[in-house]
Amino acid sequence: MRGNTYKGEFANNRRNGHGVYTFVATGMVYTGAWKDNLYHGEGTLQDDVGTYVGTFVCGKKHGLGKFHDNRKNKDFDGTWENNRWVGGAVSVSPAQNTV
């Protein structure tokens, strides 16, 4: 998409290695490992919905990871398969005090 930015490593004309990709339209940012233009390995994906820190396989959350849901103020920590949380612990973050 026009205006998106990538700063990082390339190999074979593809994003491979470590890099940061920013999606202009949504404000989503991915920082971490890449393989053949896909998130692959350890990384962090954050947007206004929340932040996921963990393992990616072929562009999807897959393996161990933790997602903080900003809307529900909950953390989902455990195993992920094909972008879905399949088990582990759920915790509620302490309430934020605002003035």
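Residues numbered from 1 in each chain as written. Predicted model: local features only at pLDDT ≥ 70, side-chain atom pairs only at ≥ 80, totals over all residues. Heavy atoms only, no water.

Engineer: For the nonpolar core, give the residues involved together with the corresponding values.
Structural biologist: Y6, Y21, M28, Y30, W34, Y39, L45, Y52, F56, F67, F76 and W80 form the largest nonpolar core, which has 12 residues in total. Contributions of two or more residues to this core are made by β3 (29-35), β4 (38-46), β5 (50-57) and β7 (74-81). Contacts of L45, omitting those with residues within four sequence positions, involve M28, V29, Y30, Y39, G50, T51, Y52 and F56. (Core = buried A, V, L, I, M, F, W, Y, C linked by side-chain atoms within 4.5 Å. Buried < 20%, exposed > 50% of the residue type's maximum accessible area, 1.4 Å probe, protein only. Helix = DSSP H or I, 4+ residues; strand = E, 2+ residues; numbered from the N terminus. Contact = heavy atoms within 4.5 Å.)

Engineer: Tell me about the environment of Y52, and please be specific about residues and values.
Structural biologist: When you line up the elements, Y52 lands in strand β5. On the accessibility criterion, Y52 (0% relative accessible area) is buried. Along the sequence, Y52 and G32 sit 20 residues apart, while their C-alpha atoms lie 12 Å from each other. A distance of 2.9 Å separates the side chain of Y52 from the backbone oxygen of T55, its partner in a polar contact. (Polar contact = N/O pair within 3.5 Å; in protein donor to acceptor, adjacent residues only side chain to side chain.)

Engineer: Let's hear about unusual backbone geometry: which residues, and what values?
Structural biologist: Even without being glycine, D36 reaches a positive phi, approximately 50°. With respect to the helices and strands, D36 occurs in the loop between β3 and β4. Despite not being glycine, C58 shows a phi value in the positive range, around 50°.

Keep in mind these numbers describe shape, not what the thing actually does.
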